[in-house]
Amino acid sequence: MNEIIRSLEAEQLKAEAPQFRVGDTVKVYGKIKEGNRERVQVFEGTVLKRQGGGSKETFTVRKNSNGVGVEKTWPLHSPNVERVEVVRRGKVRRAKLNYLRDRVGKRAKVKELVK
């Protein structure tokens, strides 16, 4: 039974999953359907967390919009996520950055990873 489930989930995975980590600033190109039209909207922010695995893997992106924190959770292998583009790499020591929710301004920044 598990082999059948694994094979079905493997078919739903994207061929090239985007490479990014927690703390990175990313641009998520999401498809939005309005009536009978479809367009692509960009959501740029910091990756707070990645969770799950396989076809059920999700990631949460947070941005500040007019002084209000906005978070969106996206399924990684969804057809509604056209692509994920890394703007800058972040240097963090945690898997989940929930502490950023309480911070505003410069304190809410993540240091850039310099290689």
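Note that the structure is a prediction, hence the values are computed from the model and not measured.

## Some remarks on a nonpolar patch on the surface
Stage number 1. Together, Met1, Ile4, Ile5 and Leu8 make up an exposed nonpolar region whose accessible area comes to about 440 Å².
Stage number 2. Among the structural elements, Ile4 can be located in helix 1 (residues 2–12).

## As for the pattern of salt bridges
Stage number 1. Throughout the structure, instances matching the rule amount to eight salt bridges.
Stage number 2. With a closest N to O distance of 3.8 Å, Glu34 and Arg37 form a salt bridge.
Stage number 3. Under the relative-accessibility criterion, Glu34 is labelled partly exposed at 36%.
Stage number 4. For Arg37, a relative accessible area of 55% translates into the label exposed.
Stage number 5. We note a salt bridge from Arg83 to Glu85, for which the minimum N-O separation is 3.5 Å.
Stage number 6. The partly exposed category is assigned to Arg83, whose relative accessible area is 39%.
Stage number 7. For Glu85, a relative accessible area of 30% translates into the label partly exposed.
Stage number 8. Salt bridges linked by common partners bring Glu34, Arg37 and Arg39 together as one network.

## Details of the nonpolar core
Stage number 1. By size, the foremost hydrophobic cluster in this structure holds 11 residues: Phe20, Val26, Val28, Phe43, Val47, Phe59, Val61, Trp74, Leu76, Val81 and Val84.
Stage number 2. Once residues lying within four places of it in the same chain are set aside, the contact partners of Trp74 are Val28, Gly30, Phe43, Glu57, Thr58, Phe59, Val61 and Val81.
Stage number 3. The next biggest cluster of nonpolar side chains, apart from the first, holds five residues, and it includes Val22, Leu97, Leu100 and Val110.

## What about unusual backbone geometry?
The bulk of non-glycine residues show a negative phi, and the bulk of peptide bonds are trans.
Stage number 1. Phi angles above zero are rare outside glycine, and Asn66 is one such case at about 55°.
Stage number 2. Asn66 gets classed as exposed once you look at its relative accessible area, which sits at 81%.

## Overview of the side chain of Lys49
Stage number 1. You can see Lys49 is positioned in strand 2 (residues 37–51).
Stage number 2. Of the side chains bearing the opposite charge, Glu71 lies closest to the buried Lys49, which forms no salt bridge; the N-O distance is 6.3 Å.
Stage number 3. Not counting residues within four places of it along the chain, the set of residues in contact with Lys49 comprises Val22, Thr58, Phe59, Thr60, Ala95, Lys96 and Arg101.

Rules and cut-offs
In this numbering scheme, every chain counts its residues from 1 along its sequence in written order. For a predicted model such as this one, the threshold for reporting local features is a pLDDT of at least 70, and the threshold for listing and counting side-chain atom pairs is 80 or more; totals across whole chains, interfaces and linings nevertheless cover every residue. Neither water nor hydrogens contribute to the side-chain values; these are computed over all heavy atoms in the structure. Patch building starts from residues that exceed 30% relative accessible area and form no salt bridge, then joins like charges within 9 Å and nonpolar side chains (Val, Leu, Ile, Met, Phe, Trp, Tyr) within 5 Å. Here the accessible surface of atoms and residues is derived via Shrake-Rupley with a 1.4 Å probe, and residues count as covered only by protein chains that are part of the display. A carboxyl oxygen of Asp or Glu within 4 Å of a side-chain nitrogen of Lys or Arg is what we treat as a salt bridge. Only DSSP runs of H or I reaching four residues or more are called helices, and only runs of E reaching two or more are called strands; each is numbered from the N terminus. Type-normalised accessible area, obtained with a 1.4 Å probe on protein chains alone, sets the label of each residue: buried when under 20%, exposed when over 50%, and partly exposed for intermediate values. By nonpolar core we mean a set of buried residues, namely Ala, Val, Leu, Ile, Met, Phe, Trp, Tyr and Cys, connected to one another through side-chain atoms within 4.5 Å. Residue contacts are counted whenever heavy atoms from the two residues lie within 4.5 Å of one another. Charge assignment in this entry is limited to Lys and Arg as positive and Asp and Glu as negative, and neither His nor the chain termini are counted.

Note that all results are geometric; they support no functional claim without further evidence.
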